[in-house]
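Secondary and tertiary structure notes
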Amino acid sequence: MISQTGYPLFKPLPAEGATPETALARIWFNDQPLAVPTGRSVAAALLAAGVSRFRATPVSGSPRAPYCMMGACFECLVEIDGVPSRQSCMVEVKDGMRIRSQEGARDLPPVKADLPETVHGR
Ligand code: FES
């Protein structure tokens, strides 16, 4: 948001203890390397880098992007370091993160075939 003076109303603070060398995190989004500012969420970092499609819905495949930026809407789900369904607005970006857009429903964990018999059957 730009004020009437032409200056931004909000200016990101540098990450605590950040030096010019540590002010940028090198991450990957869908195998594309990006250099993003540290001290913000994964969602904010990806948006600042120009990423606008974070996931696709399981039903229609329509593209989605962060909406609330406070953990309420779940529109920002991505896979971070191999863990699916992470709310990218609630995770601080770290150097070396590997992030992937989440396409449709996440994969389910493998079914254990050797589960013990229960009173209700398997
Ligand atoms: S943007 Fe709404 S939960 Fe992340």
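Refer to the structure presented above.
Overview of the structure. (Residues numbered from 1 in each chain as written. Predicted model: local features only at pLDDT ≥ 70, side-chain atom pairs only at ≥ 80, totals over all residues.)

1. Considerations on the overall build of the protein
Summing up its helical and strand segments, the protein has one helix and seven strands in all. Helices (α) and strands (β) of the protein occur, in sequence order from the N terminus, as β-β-α-β-β-β-β-β. Within the protein, residue pairs in contact and separated by at least 24 positions form 37% of the contacts whose partners lie at least 6 positions apart. (Helix = DSSP H or I, 4+ residues; strand = E, 2+ residues; numbered from the N terminus. Contact = placed C-beta atoms within 7 Å.)

2. A closer look at the nonpolar core
Core analysis: the biggest nonpolar cluster contains 20 residues, and Ile-27, Val-42, Ala-43 and Leu-46 have the highest contact counts within it. At the level of elements, β1 (24-29), β2 (32-37), α1 (42-48) and β5 (77-80) are the ones that each hand at least two residues to this core. For this core, the element with the highest residue contribution is α1, accounting for six residues. Once residues within four sequence positions are removed from consideration, Leu-46 is found in contact with Phe-29, Val-51 and Ser-88. (Core = buried A, V, L, I, M, F, W, Y, C linked by C-beta atoms within 7 Å. Buried ≥ 20, exposed ≤ 12 C-beta atoms within 10 Å, placed from the backbone.)

3. Side note on the environment of Val-59
Counting through the fold element by element, Val-59 comes out in the loop between β3 (55-56) and β4 (63-64). By C-beta crowding, Val-59 is classed as exposed, having 8 other C-beta atoms within 10 Å.

4. Considerations on the pairing of strand β7 (residues 98-103)
In this sheet, β7 lies alongside β1 in parallel orientation, the contact comprising two bridges. Bridge pairing in β7 links Trp-28 to Arg-98. By the bridge criterion, two bridges tie β3 to β7 in an arrangement that is parallel. Following the sheet pairing, Arg-55 is matched in β7 by Gln-102. Alignment of β5 against β7, held across three bridges, turns out to be antiparallel. By the bridge assignment for β7, Val-78 is matched with Ser-101. (Pairing = 2+ DSSP bridges.)

5. Re the pairing of β5
Burial of β5 is two-sided: the residues Leu-77 and Glu-79 facing one way and the residues Val-78 and Ile-80 facing the other way are all buried. Bridge count for β5 against strand β6 (residues 83-87) is three bridges, and the pairing is antiparallel. The residue of β6 that forms the bridge with Leu-77 is Gln-87. From the end of β5 to the start of β6, which pair antiparallel, there are two residues, and Asp-81 there has a positive phi angle of about 50°.

6. Comments concerning the environment of Val-36
Mapped onto the elements, Val-36 comes out in strand β2. Separated by 12 residues in the primary sequence, Val-36 and Leu-24 place their C-alpha atoms 5.3 Å from one another. Other than its neighbours up to four places away in sequence, Val-36 contacts Leu-24, Ala-25, Ile-27, Ala-45, Ala-48, Ala-49 and Val-93.

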